[in-house]
Every structure is written in C-alpha cells, then in structure tokens.
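Given next are the chains, with one letter for each unit.
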Amino acid sequence: VPSRQIVERQPRMLDFRVEYRDRNVDVVLEDSSTVGDIKRILENELQIPASKMLLKGWKTGDVDDSVSFQLCFQLPEFSVSNRGSEGGGALQESLNQNFMLLVTHREVQREYNLNFSGSSTIQEMTLAVSGLTFPCHRLTVGRRSSPVQTREQSEEQCTDVHMVSDSDGDDFEDATEFGVDDGEMFGVASSALRKSPMMPENAENEGDALLQFTAEFSSRYGDCHPVYFIGSLEAAFQEAFYGKARDRKLLAIYLHHDESVLTNVFCSQMLCAESIVSYLSQNFITWAWDMTKEANRARFLTMCTRHFGSVVAQTIRTQKTDQFPLFLIIMGKRSSNEVLNVIQGNTTVDELMMRLMAAMEIFSAQQQEDIKDEDEREARENVKREQDEAYRISLEADRAKREAQEREMAEQFRLEQIRKEQEEEREAIRLSLEQSLPPEPKEESTESVSKLRIRTPSGEFFERRFLASSKLQVVFDFVASKGYPWEEYKLLGTFPRRDVTQLDPNKSLLEVKLYPQETLFLEAKE
C-alpha cells in the first residue's frame, strides 16, 4: 500500500521596510504572521500605540490586524511532497542537480544560458521545488510598462521584467510574485536604478578610480566581496610579482560591465561568495576595472597591450558585452606576465573555484621552482658575501699591519734623528769643552801639579795632569770631553769613598784634596 502523501509547507520570510516620518524600520516576519504582529513590533520601535497605527501599501487595501500576510499579498503556496525515505532522497538528488535556464531577451533577440544549482533560490524557494523543467528550462524576458513609484522622500522610475515560461502549467508572468528582484536575478535591471557609475569616465588617477569602484561595489553587493587593490595596474604588478618568491601571489583582474546581463548574478552570487572571497584574499592580489564606458575600456586595452601584448588585448577587445564580466588570472614570470585563464561571467561558484584552484596549482609549481632558484641564488650570494667580507677583513688587516709598520719605521726614524741630534749636540759640547780645557802642564813644570787617573765604567783608564790650583770644574769638563758629562755620571773617590761631583766645582784641586795624585771612578747616575 503506498504511503500517504504528506505535504510540508516551507515557511517564507518576508522583509518589510516601514517608513514613518524621517525613520525607516526593517522588520522580518514569516508569511504566516499577521498584521497585528508587525504592529506590535512597531509599537516597541516607534513608541506609538498599535491602536493608532494605520499601515498602508497592502495589495488588498486596508486590512484588519488578524489578517495574515498570505492574504494581504495573495502569496502562492509552495509545498514539498515527502513520501518516506524514497521521496526525501529524490528531493536531495534534485537539490544536487544543476539547472540550465535558457533566457530569451525579446527586445534584442538574444539568448542567455545561465547555470544554477538546484539549491539556488528564488527568494525562499529552491529551484529544485519550483516546478522548473530539469535539466533545461526556457524563459522569455521582456520589458513592460510600470507606473511611477512615488514616495515621500524620493521619486524613482523602476522597470519590471516580464518572464514567461514555456513549460506546461508553469506561469512566471511576474517574477515579483516570488519576491525576487528580476534585475538582480538575471542582470537586466534598468540603468535608472543605478545611483552612480562604478568608475568615473576618463579618471586621471587609477587609485581614486578604484576607491570609487570599491565603494560603489560595496553599496550594490554588500561588504562581503574581494579586497580590491587600490592603485595603478603597475603597482598591483609590483605587489603581486616582484617581492620575494615566497611572498608572491597571482594577480586577478576583474573586468566589470554594467550593461551585461550576467554582471549582477556574477557579482552577487559568485564574486561575493564567502569561499571565493576567502580564496582570493589568501592567494591573489585582486585588481578591478570598469569596462562600461568606452574611454575606460580603451584605457584598459592600452594598459593590456603594454603589459600582456596585443594578442591578449585583442582577445579582450573581441569579447561581447554579454560575455562580461571577465576574470583574468595573471602569473608573473621572469621575462613576461602570462595570462593563465580568462573566465567569462557565465559560470558557477564551483566552476569558478575549480578554475582558480587550477591556476593556483600552476602557480604553486612555478613558485616552488622560483623559491628553489632564489634560495640557491641567495646561498651563492651569501658565499660570495662571506668571501668578500673575508677578503675585506684580510685587506684591512694587511693595511693595518702596513700602517703599523710605517708608524714604527717613522717612530724609529724620529728617534734615530733625535739620537743623532743628541749625539751631534753632545759631540759639539764635548769638542767645545775639549777646546776650552787649559793646556796639560808638563811633568817638569815648576808649579804644583796634580795627576789624576780616572777609570771608566767599561774598565778603561785615562790620565791627565792638572795644576793643583785648577778648579774642580776643569776636571768635570775634562771628563765630559771624554763623553761622560757630569749630569749623567758621578765621579767617585776611593780613600775615603766620596762623590766628587757633589763638591763645589769652584774649589781648587788642592782644596778638595785631589793632590798630588788620585784615582777616581766614573759611575752612571741612577
């Protein structure tokens, strides 16, 4: 007996923005909630009694507090059939499948192929349970007139998207019935919705242009997005390619185009996916450029030709608008920069991640070779530096030794000069004293004569006769004339032992008792 079909209703969350004077209050409630529920929340937020509140904007006009949102908005019911474990397995299988949406843009007669997983959602409903035909489902997209939406603070004209499914029994006439923003889902939002361009036209400074790009990207798609490098493309090259091999990264260039039907899907669902953002942050330097304006497009193609060559520039030039956005993966090499991959906007998160990882595998292999070459080069340079340092130290030691020898030789020469000068001076003094000595008296002289015998420190003796009346200074001069000045030597008597140099040099030999003869000794002064 087949099991009974059990229908489980999937709750949907509704996001309300309530305007009151100069305040906006965001409230999120399930579709089963009532008007009274939202009034109670607003009562706490605005401090206004619920009984005095009048909420406007319901599709059915003024409603009672007990009315549920399903009746207010006439929301369609969606359910999931659960037929035991077999039915649950079929649902899980559908969630894991990929759906191809074939979207035809009626006005321009173009067709776009969009890939989504079964777990992708139209608001709170997954594609797997939305009634789309697997594996392909054809949709037709066109514009239809929409009344001007008037608000108290601003006036904006919005463009609705009319979608018609060719699948039997499936009518997607108004995508807003599912609570989804068509322009956000399929990238065909009117340019009137855009508050400012991603990048100023003819921007003189690339850094300022990237600052505006980052700010506008955040305002459109939220703060969870790749960290864009702020600066010129050349500066991004320097940051990614020209550091140490261990610090190098791949360069990812994101080329944005506001007119492409794929842009919003690529940005919101792929480029802002946490896994992609994290992977890019760890392994890439990400640089961005807006190709919407012709002047900015021409400027990038010029940069592309200069850095990557004309072939890559021509490849990008031939890309059609609906093939954007593009994601270029660049790897720096010794002689040139290589474009590893050009990823078009029609992709999925999984495919984008796989291509990023494939590029990282190629880069990692090249990086390991670069690290090895760099380590070997640094080892050689270290050896050379050590050799150069040893040679420098050796030269310094030789120079110091040579300078020391030169100083020693100079000192020796100086001392020798002093010695020679002293000797010359002493010799001059000696000669002067020798010439000033009175003549030696003869032995047969009739005057009293004193005969002195003087012993030198070397043991030699020299003798001379002096008149007994001669002053002791004459003896000192005689000894000095022989090379023994009395300033350096003392003259000692024997009996009694006395230092003759301590006697008065103006006394006569007779007075100092050096008569008639005496033996004296020369001794160096201490």
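Above this text is the structure in question.
Residues numbered from 1 in each chain as written. Predicted model: local features only at pLDDT ≥ 70, side-chain atom pairs only at ≥ 80, totals over all residues. Heavy atoms only, no water.

A. Expanded view of the overall build of the protein. When its secondary structure is counted, the protein shows 12 helices and 21 strands. Residue pairs in contact within the protein that sit at least 24 positions apart in sequence constitute 62% of those at least 6 positions apart. With an accessible surface of roughly 31000 Å², the protein has 48% of that area assigned to carbon and sulfur atoms. (Helix = DSSP H or I, 4+ residues; strand = E, 2+ residues; numbered from the N terminus. Contact = heavy atoms within 4.5 Å. Areas by Shrake-Rupley, 256 points an atom, 1.4 Å probe, with all protein chains shown as cover.)

B. Structural detail: the side chain of lysine 39. Among the structural elements, lysine 39 can be located in helix α1 (residues 35–46). Polar side-chain contacts of lysine 39 include one of 2.9 Å to the side chain of aspartate 65. Every residue in contact with lysine 39, bar those within four places of it in the chain, is listed here: Ala50, Met53, Leu55 and Asp65. (Polar contact = N/O pair within 3.5 Å; in protein donor to acceptor, adjacent residues only side chain to side chain.)

C. Local environment of the sheet that holds strand β13 (residues 250–256). A sheet is described by the order of its strands in space; here 4 strands give the open sequence β14-β13-β15-β16, paired in mixed fashion. Two strands lie at the open edges of the sheet, namely β14 (284–290) and β16 (337–344), each paired on one side alone. Neighbour to neighbour, the strand axes of the sheet diverge by 20 degrees on average, direction disregarded. Each of β13, β14, β15 (326–332) and β16 is contacted by helix α9 (residues 294–308), which is oriented at about 140 degrees to β14, the strand it contacts most. Across the face of the sheet, helix α11 (residues 349–436) comes into contact with β13, β14, β15 and β16 while running at roughly 10 degrees to β15. (Pairing = 2+ DSSP bridges. Axes fitted to C-alpha atoms, helices over the stretch in contact; angles between N-to-C directions.)

D. Expanded view of unusual backbone geometry. Residue phenylalanine 324 is joined to proline 325 through a cis peptide bond whose omega torsion reads 0 degrees. Structurally, the position occupied by proline 325 is in the loop between α10 (310–317) and β15. With omega at 5 degrees, the peptide bond leading from tyrosine 515 into proline 516 counts as cis. Assignment of secondary structure puts proline 516 in the loop between β20 (498–499) and β21 (517–524). A positive phi angle, close to 60 degrees, is found at glutamine 47, a residue other than glycine. The exposed category is assigned to glutamine 47, whose relative accessible area is 65%. (Buried < 20%, exposed > 50% of the residue type's maximum accessible area, 1.4 Å probe, protein only.)

E. Summary view of the sheet that holds strand β19 (residues 489–493). The 5 strands lie next to each other as β18-β17-β21-β19-β20, forming an open sheet whose pairing is mixed. The outermost strands of the open sheet, each flanked by one partner alone, are β18 (461–467) and β20. Bridge count between strand β17 (residues 449–455) and β18: 7 bridges; the pairing is antiparallel. From the neighbouring strand, arginine 455 faces β18, where its bridge partner is phenylalanine 461.

F. Looking closely at the packing of helix α6 (residues 233–241) against α9. For the pair α6 and α9, interaxial distance at closest approach is 11 Å and the crossing angle is 40 degrees. By the angle between their directions, the pair α6 and α9 is classed as oblique. Between α6 and α9, the contacting residues are Leu233, Glu234 and Phe237 on the first element and Met303, Arg306, His307 and Phe308 on the second. The residue makeup of the contact of α6 with α9, split by class, is 4 nonpolar, 1 polar and 2 charged. (Parallel < 35°, antiparallel > 145°, perpendicular 65-115°, else oblique. Nonpolar A, V, L, I, M, F, W, Y, C, P; charged D, E, K, R; others polar.)

G. Expanded view of the state of the cysteines. Summed over all chains, the structure comprises 0 disulfides. With no disulfide of its own, cysteine 272 lies 6.4 Å from the sulfur of cysteine 224, the closest cysteine sulfur. The exposure class assigned to cysteine 272 is buried, which follows from its relative accessible area of 10%. (Disulfide = S-S within 2.5 Å.)

H. Focus on the nonpolar core. Membership of the largest hydrophobic core comes to 67 residues, with the highest contact counts inside it found for Leu251 and Trp287. Val479, Val500, Leu514 and Leu522 belong to the second largest nonpolar core, which has 20 residues in total. (Core = buried A, V, L, I, M, F, W, Y, C linked by side-chain atoms within 4.5 Å.)

I. Representation of the environment of methionine 353 in the model. Structurally, methionine 353 is set in helix α11. A relative accessible area of 14% means that methionine 353 is categorised as buried. Between the alpha carbons of methionine 353 and tyrosine 279 there is a distance of 8.3 Å; along the sequence they are 74 residues apart.

J. Representation of helix α5 (residues 206–221) within the structure. With 16 residues, α5 should cover 22 Å at 1.5 Å per step; its first-to-last C-alpha distance of 22 Å lies within 8% of that length. For α5, the complete set of buried residues consists of Glu206, Gly207, Ala209, Leu210, Phe213, Thr214, Glu216, Phe217, Ser218 and Tyr221. Those residues of α5 that are buried are in contact with α6, β13, α7 (263–271), β14 and α9. The distance from a side-chain oxygen at the start of α5 to the backbone nitrogen of glycine 207 is 2.8 Å, and the residue carrying that oxygen is asparagine 205. (Expected span 1.5 Å × (residues − 1).)

K. Region of interest: the pairing of strand β3 (residues 23–30). Across 8 bridges, the pairing between strand β2 (residues 13–20) and β3 is antiparallel. Bridging from a neighbouring strand, tyrosine 20 pairs with arginine 23 of β3. Hairpin connection, β2 to β3: the antiparallel pair is bridged by 2 residues, and arginine 21 has positive phi, about 55 degrees.

L. Local environment of the pattern of salt bridges. By the definition in use, this model includes 26 salt bridges. Its salt-bridge partner being glutamate 396, residue arginine 399 comes within 2.2 Å of it at the nearest N-O pair. Here arginine 399 and its partner glutamate 396 are both found in helix α11, 3 residues apart, which amounts to about one turn of the helix. What makes glutamate 396 partly exposed here is its relative accessible area of 36%. Arginine 465 is paired through a salt bridge with glutamate 443; the nearest N and O atoms lie 3.6 Å apart. Taken together, the residues arginine 465 in strand β18 and glutamate 443 in the loop between α11 and β17 connect sequence positions 22 residues apart. Connected through shared salt-bridge partners, Glu216, Arg220 and Asp258 make up one network. (Salt bridge = Lys/Arg side-chain N within 4 Å of Asp/Glu carboxyl O.)

M. Summary view of the side chain of histidine 307. Position of histidine 307 among the secondary structure elements: in helix α9. A polar side-chain atom of histidine 307 sits 3.1 Å from a polar atom in the side chain of glutamate 234. Apart from the residues within four sequence positions on either side, histidine 307 is in contact with Leu233, Glu234, Phe237 and Asn337.

N. Representation of the packing of aromatic side chains within the structure. Under the criterion given, the structure shown has 19 aromatic pairs. Both rings, one in phenylalanine 217 and one in tyrosine 221, keep their centres 4.8 Å apart while their planes meet at 55 degrees; by these two values the pair is tilted. Of the two residues, phenylalanine 217 and tyrosine 221 are both situated in helix α5; the distance of 4 residues between them amounts to about one turn of the helix. The interplanar angle of 10 degrees and the centroid separation of 5.5 Å between the aromatic rings of tryptophan 287 and tryptophan 289 together place this pair among those described as stacked. Owing to a relative accessible area of 0%, tryptophan 287 belongs among the buried residues under this scheme. By relative accessible area, tryptophan 289 is classed as buried at 0%. In textbook terms, an aromatic cluster arises when at least three aromatic residues are bridged by ring pairs, as seen for Phe213, Phe217, Tyr221, Tyr228, Tyr254, Phe266 and Phe327. Geometry around phenylalanine 461 places arginine 453 over its ring, the cationic atom sitting 3.9 Å from the centre. (Phe/Tyr/Trp six-rings, centres within 6.5 Å; stacked < 30°, edge-to-face > 60°. Lys NZ or Arg CZ within 6 Å of the ring centre and 35° of its normal.)

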